[in-house]
Amino acid sequence: MIEVTKPFLPPLELYQKRISEVWERNWLTNDGPLVKELEARLKAYLDVAHLLFLTNGTIALQIAIKALKLKGEIITTPFSYVATTSSIVWESCSPIFVDIDKESLNIDPQSIEAAITEKTTAILATHVYGNPCDVDAIDLIAKKYNLKVIYDAAHCFGTQYNNKSILNYGDISTISFHATKLFHTIEGGAVVTNDAALNKKMAYLRNFGHDGIEKFNGVGINGKNSEMHAAMGLTNLDYAGAILEKRKADHDLYDQYLAPLKLDKPKISAEAGYNYSYYPVIFNSETECLQIVQSLKQHQIFAKRYFYPVLSGLDYVPFKEMPVAEDISKRILCLPLYYQLTAEEIGLICEIINGSLK
Ligand SMILES: *Cc1c(COP(=O)(O)O)cnc(C)c1O
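Position numbers for residues start from 1 in each chain and track the written sequence from start to end. At least 70 in pLDDT is required for a residue's local features to be given in this predicted model, at least 80 for side-chain atom pairs to be given and counted, and no such filter applies to totals for whole chains, interfaces and linings, which use all residues. Side-chain metrics rest on all non-hydrogen atoms present in the structure, leaving aside hydrogens and water.

**Digging into the domain arrangement of the chain**
Bring the parts together and some accessible area is lost; that lost area is often taken as the interface size.
Argument step 1. Each assigned domain of the chain is listed here: domain 1 (12-99 + 106-237) and domain 2 (240-357).
Argument step 2. Here the quantity called buried area is the accessible surface, traced with a 1.4 Å probe, that two parts lose on coming together, added over both. Surface buried jointly by domain 1 and domain 2 totals about 2800 Å² across both partners, of which 63% is contributed by carbon and sulfur atoms.
Argument step 3. The working definition used for a salt bridge is a side-chain nitrogen of Lys or Arg within 4 Å of a carboxyl oxygen of Asp or Glu. At the surface where domain 1 touches domain 2, the tally comes to zero salt bridges.
Argument step 4. The way it works is that DSSP assigns letters per residue, a run of H or I at least four long becomes a helix, a run of E at least two long becomes a strand, and they are numbered from the N terminus. Going through the elements one at a time, helix 4 (82-90), strand 3 (94-97), strand 6 (160-161) and helix 8 (227-237) are the ones with two or more residues in the side of domain 1 that touches domain 2.
Argument step 5. A per-element tally of the side of domain 1 that touches domain 2 places helix 4 first, with four residues.
Argument step 6. Under the convention adopted here, Pro, Cys and the residues Ala, Val, Leu, Ile, Met, Phe, Trp and Tyr are nonpolar, Asp, Glu, Lys and Arg are charged, and Gly plus all remaining residues are polar. Looking at the side of domain 1 that touches domain 2, its residues break down into 18 nonpolar, twelve polar and two charged. Domains are outlined according to an automatic or database domain assignment.

Structure (structure tokens):
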């Protein structure tokens, strides 16, 4: 069986070595030494000023919205994972969808301006598949209308933009370290910002607002992550380079094998140092896309319609037509991509796709 993704697992003894140290210390959570070490190493690896390790990428979004004290309307993309929209609604704000650019599949900056009202307080955009948004255009709009910007950078581990981490853009970037992501801590996530005061605020928010043992600095939530999760992150971080390289090699193989079909793919930003985190292909029609899903399934291969359906169709948001996102969402498929996937397996997947579309 070939799934769309499989978590990376480091050699067990390397993980166990760190866990043994946790046993000796008997310090499992609450800003332990491994959490601190992981934060320091991630800051260096990702080249960012401030980073807080959290329980997951969804809490990261919620803490970001809370820290910026957002109210009213947040302009966002219909083409993302459900957490991008649900965290806006969870924080009692209204998601205002604008359509995506048909080449990058990221939020279309030209449509953002038209959606701004007196109630708009922020833009929450996703770097889809790790492909950077048009951050310069979004930055100009945000400055002009005095809006905050949060990037859902869940897919962006290792992505660069103009030779620096994409996580440096916007007021806050959030990232996910879920088991299915390129780099993971089993469950986990982080908020990243260049603003020291904002980082401090988010540190209070993730720890119940604790300012010492008996004092509180505002309302907070429990967004802390544990030593066990940090141990997995530290162990996996030593393989991040190898994982990124393998992703690129797999992309090249897929490109080569699928070349005869001349399939559409998202257009990666020219300024990007890309992390190749997913392998999405866009078929000519939904029928063709579903046909491929079926053909692969017959061979126990599971590609994923990702993202499908569009978030503007969720039953807890006001429906609005998003022609580009709806069209792409029906035709796009992410093919299997993970560290343990072999060249033979990629060959087989492409053979089935090529055969099915003949
Ligand atoms: C994975 C993901 C999230 C949620 O992250 P979790 O760590 O699973 O909570 C949010 N947004 C996007 C785009 C994602 O892919």
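**Some words on the side chain of T159**
Argument step 1. Within the secondary structure layout, T159 lies in the loop between strand 5 (148-152) and strand 6.
Argument step 2. Whenever a nitrogen or oxygen atom comes within 3.5 Å of another N or O atom, the pair is scored as a polar contact, on the condition that within protein one atom can donate a hydrogen and the other can accept it, and that pairs from neighbouring residues in sequence are kept only if both atoms are in side chains. Of the polar contacts made by the side chain of T159, one reaches the side chain of N275; its length is 3.2 Å.
Argument step 3. Leave out the neighbours within four places in its chain, and T159 touches G130, P132, K164, S165, I166, G273 and N275. In what follows, residue pairs with any heavy atoms lying within 4.5 Å of each other are defined as contacts.

**Here we look at the packing of helix 3 (residues 57-67) against helix 4**
Argument step 1. One way to put it is that helix 3 packs onto helix 4 with a least axis distance of 9 Å and a crossing angle of 40 degrees. With respect to helix 4, the element helix 3 is oriented oblique. Two packed elements cross with a definite hand, and for helix 3 against helix 4 that hand is right-handed. Note on element contacts: helix 4 touches helix 3 through A83, T84, S87, I88 and W90, opposite T58, L61, Q62 and I65. Throughout, an axis means a line fitted to C-alpha atoms (over the contacting stretch in the case of helices), and angles, computed between N-to-C directions, take values from 0 to 180 degrees. Angles below 35 degrees are treated as roughly parallel, those above 145 as roughly antiparallel, those between 65 and 115 as roughly perpendicular, and all remaining angles as oblique. We call a crossing left-handed when the near helix sits turned anticlockwise from the far one by less than a right angle, and right-handed when that turn is clockwise.

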